[in-house]
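# Structural features, examined
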Amino acid sequence: MKRFLEKSLALLIAGGAGLGMFAVSGGSAYAALSNSDGSLIPVFVQGGPVSLPGQTNSIKITVPGTGSFCKVVTDRNNNIDTGVQLSEGNQFELDAYNDRACQGTKVGGVGYTASYNGPAPSGGTFSRILVRIDNPRLSVCSDNGWTDGNPSACR
């Protein structure tokens, strides 16, 4: 647990510094990581070599107080839906394994706290939380754009 907290704190500090880049002046509404309708936001792991450790064949996501869930990686190049949905303040840990059952050799891992403070998604709905295992990064995405007019799907 101590390792998880240390990783989470370091990532939260680093992520917090990065989130400052999204601050803009003007009348844009700012939002935490929660949908206006109260729905939770699905968590995806970014596919590709920048995110997935070599030999990753399954990913386990652990949410304290909720449980652990294993997802088989069928296409390493596409984003992987973990099947888990979260919102602001939820902590979670991702572990990558070399087998297809999240029981073999662990080949990578990282801990996160779901958090966002920036321009709200247009329509009030985040479409997904997108995270990396290698080169840790947490992004939030909107299918309908952002209140500040930024055209990127994820930030």
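Located above this text is the structure these notes cover.
Residues numbered from 1 in each chain as written. Predicted model: local features only at pLDDT ≥ 70, side-chain atom pairs only at ≥ 80, totals over all residues. Heavy atoms only, no water.

## Concerning the overall build of the protein
When helices and strands are counted, the protein shows one helix and ten strands. In sequence order, the protein lays out its α and β elements as α-β-β-β-β-β-β-β-β-β-β. Counting only residues that meet the buried cut, the protein has 41% of its 155 residues in that class. Long-range contacts, defined as pairs at least 24 residues apart, comprise 63% of the intrachain contacts of the protein with a sequence gap of at least 6. (Helix = DSSP H or I, 4+ residues; strand = E, 2+ residues; numbered from the N terminus. Buried < 20%, exposed > 50% of the residue type's maximum accessible area, 1.4 Å probe, protein only. Contact = heavy atoms within 4.5 Å.)

## What about the nonpolar core?
The biggest cluster of nonpolar side chains holds 27 residues, and the ones touching the most others in it are F92 and L94. Among the elements of the structure, strand 2 (41-45), strand 3 (58-63), strand 5 (80-86), strand 6 (91-97), strand 7 (106-113) and strand 9 (128-131) are those that each provide at least two residues to this core. Not counting residues within four places of it along the chain, the set of residues in contact with L94 comprises V45, I59, K60, I61, G108, G109, V110, Y112, V131 and I133. (Core = buried A, V, L, I, M, F, W, Y, C linked by side-chain atoms within 4.5 Å.)

## Here we look at the state of the cysteines
For the structure on display, the rule yields two disulfides. What pairs with C70 in a disulfide is C102, and their sulfur atoms sit 2.1 Å apart. Classification of the bridge connecting C70 and C102 rests on its S-S torsion, roughly 90 degrees, and on that basis the disulfide is right-handed. Highlighted residues: C70 in strand 4 (residues 67-72) and C102 in the loop between strand 6 and strand 7, separated in sequence by 32 residues. Classification of C102 as buried rests on a relative accessible area of 9%. Disulfide pairing places C141 opposite C154 at an S-S distance of 2.0 Å. When the S-S torsion is 100 degrees, as for the bridge of C141 with C154, the disulfide is right-handed. Of this pair, C141 sits in strand 10 (residues 138-141) while C154 sits in the segment after strand 10; the two residues are 13 residues apart in sequence, bridging distant segments of the chain. Taking the relative accessible area as the measure of exposure, C141 reaches 0% and is therefore buried. Should the bonded cysteines of the protein be numbered as they appear in the sequence, the pairing reads 1-2, 3-4. (Disulfide = S-S within 2.5 Å.)

## Quick notes on the pairing of strand 2
Burial of strand 2 is extensive: five of the five residues sit out of reach of the surface. Both faces of strand 2 are covered, namely the face carrying I41, V43 and V45 and the face carrying P42 and F44. Bridge analysis of strand 2 against strand 5 gives four bridges, and the strand direction is antiparallel. Along strand 5, the bridge assignment pairs F44 with D81. (Pairing = 2+ DSSP bridges.)

## A short note on the sheet that holds strand 10
Pairing is mixed across the open sheet formed by four strands, whose spatial order is 5-2-9-10. Both outer strands of the open sheet, strand 5 and strand 10, are each paired with one neighbouring strand and no more. When strand polarity is set aside, the average angle formed by the axes of neighbouring strands in this sheet is 30 degrees. (Axes fitted to C-alpha atoms, helices over the stretch in contact; angles between N-to-C directions.)

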